[in-house]
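# Understanding the architecture of this molecule
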Amino acid sequence: MLKLPETLRENVRLLGELLGETIHAHEGEELFAKVEGIRKLGKAITRAESGDSAPLVKLLGELDDADILPIVRAFNQFLNLANIADQEYFSSAESERDDVLEAMLQEFAGKYGKEELAKKISELRIELVLTAHPTEVTRRTLIRKYDQIVDTLADRQNGSLLTFEQDKLRGRLHRLVEEIWATDEIRTTRPTAVDEAKWGFAVIENSLWEAVPDFIRHLDRLSRRHLGQPLPLDVQPFTFFSWMGGDRDGNPNVTHKITREVLLLGRWMAAELYSRDVYSLGGDLSMSEASEELRALYPSTTPYRDAMFTLRKRIQATLEWAEARLQGRIVETPEDLIVSREDLLEPLMVCYRSLNDVGLPHIANGPLMDTIRRIHCFGINLVPLDIRQDGERHVKAIDELVAYLELGEYAKWSEEQRQSFLLEQLSSKRPLLPAQWPMSDDTAEVLATCRVIASEPREILSHYIISMAQQPSDVLAVALLLKECGMTWDMPIVPLFETLDDLDRAPIVMDRLWSLDWYQKYSAKDQTVMIGYSDSAKDAGKFSATWAQYKAQEKLVALADKYGVSLVLFHGRGGTVGRGGGPVEKAMASQPPGSIHGRIRVTEQGEMIRYKFGLPRVAFSSLSSYVVATLRATISPHAAPAPEWRDLIERMGASSLEAYRSVVRGHEHFVPYFRSLTPEQELSLLALGSRPAKRKSTGGVESLRAIPWVFAWTQVRLNLPAWLGARQALEYALQHEPKTLADMVTNWPFFSSFLDLLEMVIGKADGPICTYYEEQLVPAEYHGLGKQLRDDLKALELLINELKKQDILLKDEPLLRQSLEVRKPYVDPLNYLQAELLKRYRSSETISPDLERALKVTMAGIAAGMRNTG
């Protein structure tokens, strides 16, 4: 068994000890002894070569109903505390990340020249889109307590602490653990879309507000040190966007009223944060020496303070206006309402220039510069909002309108007819929309959303994304609806290509779209195209989908070059590998050459927002990772795949697709097996997010969202969406072209990164635990399919070890192996208990509130143990 780093082991031991003391004090000696007995049996299974789970299963089966909930809570909380220890340990080792960034700048400065590298850094555009949190199972109140524990653990590393200070910190930890134990870890009500947006704003307030200027300041120091020049003051390597309150695809809870409220909330929150900054600057900038430019505006002995006072009054007026609007009060719009970045930047820049002019550069480049850089990053509403809607809704809206005007049946027109009609209307000066006409509720909502967009300042909105985009007319339809609703600027419209067929067709659709003169003018030859990872993997299997995504991006890059279009690829990744997740460096390194160009757009979703950006030090590290990966992919991209690699992986993809679909679509027992084995149906008990689990109220697995699809398989430790079909692809290559396969493993980063991620999800899987679920929950006639799937998984494990020339999984990932080993003795009992609870839940006409809550806690605990859920 691997030995944990000393600090990490000490923190895990300390937090476990404090939790044990808390359980002993609150639940009594007898229950504490049961928890300890279960924990020891779990460890025994982990340590044994072929662990025997029978003693643990026997003990769990003998538990009284009254004991199950506190025992489940104990293991759930230990897993959360283990995650905290992990997080603190890795966030305290950030010197290594600094070294990576600095080493890369030194390397590239020598290879490509300091001027070229400085230019590339100043042109970086990394767009991170915070999406809603349907996979964040942890309550916000507990997240705050977990963050306090991280801070306290960090404080304990101070080597100069006196004894009373050490005791004080231990006491604080004990208090926090007790607070956590006394708090219900399961939400009782589903968060609204506005709640989700507030959580996104909280991440900015508590973490990114500090991390972004801190990181840019650090990057500026490295630029001065190694490139001999500072970064521009308006450098903007990062911009954050949001889908929270804008993503209405399959979520009837996101309406035009919600979108308007979230936009207002963003402006209110931004004004609140800038007000604090400017108030603080007013205290700092007490000096009287000033430039003529500043003196002309504020002829007093405290010109900087006067400037800050005037700006703060304007910010306060904006804050009060937004607050009144949020409360539903009708108020006059202030004359000095802040409606653009320039409104905030102008007085600050006058002060910045003045301080430099009078020889006070250190003051100019202190907190004042940080605020200026925050404004460049966060704008006037922190996160400009994307709007997302299903393409069918736009087709339906125009179909109803065309029918009312007696012009035909738009839904039945050919693509050529649709384009001709849309382009004619887009070029017409006459309005198409009647003042009043009968329409469905869906169409009324689409038009109301377009009117909200048209009525808001341009800076607080970003892109309009079309889910399930299939033709150029889907894009033109959105442009027409926006025009008819009073839009005065050309909002970027982003087609999202999701399924395997959509990905294959994406280059054809964009070729037709970019060939239209009207659209070239509308888009100004600046285009974002979104690549869907979740639904493509659910449709075709991870292996086939990954190769289809790669090919689509290659072709889109070539097409964009042909048309002279500046292309940004928007990667719709989730937290898990089955939904496109994984380490940033591996993801960037595996992109097609020429697809980055210093610009990338990526979704950050669910619990991954907390893991990557929830704490300032962790956020700093994540920002650094993005810069390193984006610069490397831009300046030194990997070569295109060799023809023989391309030929082989194409055939491997076909083999994988056939194997995946033969199970998911072709096996008669698959759907009932999935529904009986996993807690897919019971996931609805968890108040995960504002969005329903299905896009439509009817339908089977095909209508299920990718998130609960992945979540359910993760719970039973089979992780099927991330690997099904991969075995057949690798076996095909080993049988037909083993030398080419070995060459791909060694020399093609795209392929080797895919294998690394595959290895990680298999390392997190557990066949024996899945077998136990099957024995408890699945009718005997479906067991044959379960054995087939587990045999498939085991064979894939052996194949990966063979290809990597290793005897165990994750041999080159000792930290991940350590992390999994720490959690296993606590996750395993939760899995066995969950199977038992599912059996009771499904067989009983009435189930006690405590047992239902225990079932929900097992879901949260297993999610914490796996470290990603959907």
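These numbers were taken from a predicted model, which means no experiment stands behind them. (Residues numbered from 1 in each chain as written. Predicted model: local features only at pLDDT ≥ 70, side-chain atom pairs only at ≥ 80, totals over all residues. Heavy atoms only, no water.)

## Let's talk about the confidence of the model for the protein
Atom-level detail of predicted coordinates should not be read off regions where pLDDT is low. Mean pLDDT for the protein: 91, with 93% of residues reaching 70 or above. Residue range residues 576-581 is modelled with pLDDT below 50. Its contacts to residues more than four positions away, or to other chains, number 31 contacts. (pLDDT = per-residue confidence, 0-100. Contact = heavy atoms within 4.5 Å.)

## Notes on the environment of L8
Its location among the elements puts L8 in helix 1 (residues 6-27). With relative accessibility at 4%, the residue L8 sits in the buried group. In this structure, L8 is in contact with A85, D86 and Y89, ignoring residues within four places of it in sequence. (Helix = DSSP H or I, 4+ residues; strand = E, 2+ residues; numbered from the N terminus. Buried < 20%, exposed > 50% of the residue type's maximum accessible area, 1.4 Å probe, protein only.)

## Regarding the pairing of strand 6 (residues 526-532)
Working note: regular strand, side chains alternate between the two faces of the sheet. Counting buried positions along strand 6 yields six of seven residues, so the element is predominantly enclosed. Bridging between strand 5 (residues 493-497) and strand 6 involves two bridges; their strand directions are parallel. Note that in strand 6 the partner of F497 across the bridge is I531. Strand direction decides the pairing type here: strand 6 and strand 7 (residues 566-572), joined by seven bridges, are parallel. Opposite G532, over in strand 7, you have G572 as the bridge partner. (Pairing = 2+ DSSP bridges.)

## As for the packing of aromatic side chains
In the structure shown here, the tally under the stated rule is 33 aromatic pairs. Each ring, one from W547 and one from W748, has its centre 6.0 Å from the other, and the planes form 85°; the classification is edge-to-face. Of this pair, W547 sits in helix 23 (residues 542-563) while W748 sits in the loop between helix 31 (738-747) and helix 32 (749-764), placing them 201 residues apart in sequence. Put simply, the rings of W547, Y550, W645, W748, F750 and F751 pair up and form one aromatic cluster. Positioned above the aromatic ring of W181 is the side chain of R73, whose terminal nitrogen or guanidinium carbon lies 4.4 Å from the ring centre. (Phe/Tyr/Trp six-rings, centres within 6.5 Å; stacked < 30°, edge-to-face > 60°. Lys NZ or Arg CZ within 6 Å of the ring centre and 35° of its normal.)

## Focus on the side chain of T528
Along the polypeptide, T528 turns up in strand 6. The exposure class assigned to T528 is buried, which follows from its relative accessible area of 8%. Setting aside residues no more than four positions away along its own chain, T528 makes contact with H463, I493, V494, P495, V568, F570 and R601.

## Some details on the pattern of salt bridges
Here the structure, examined in full by the defined rule, presents 63 salt bridges. E650 is paired through a salt bridge with K551; the nearest N and O atoms lie 3.1 Å apart. Taken together, the residues E650 in helix 27 (residues 643-664) and K551 in helix 23 connect sequence positions 99 residues apart. By relative accessible area, which is 38% here, E650 ends up partly exposed. Judged by relative accessible area, K551 falls into the buried class, the value being 17%. The partner of D828 in a salt bridge is R717, with the nearest N and O atoms 3.2 Å apart. With D828 in helix 35 (residues 814-843) and R717 in the loop between helix 29 (706-715) and helix 30 (726-736), the pair connects residues that are 111 residues apart, well separated along the chain. (Salt bridge = Lys/Arg side-chain N within 4 Å of Asp/Glu carboxyl O.)

## Some thoughts on helix 35
Between its first and last C-alpha atoms helix 35 spans 42 Å; for 30 residues at 1.5 Å apiece the expected length is 44 Å, and the two agree. A bend of about 50° at K824 is the largest found in helix 35, and the proline P825 appears one to four places after it. Counting buried positions along helix 35 gives 21 out of 30 residues, so the element sits mostly inside the fold. (Expected span 1.5 Å × (residues − 1). Bend = angle between axes of the 7 residues up to and from the residue.)

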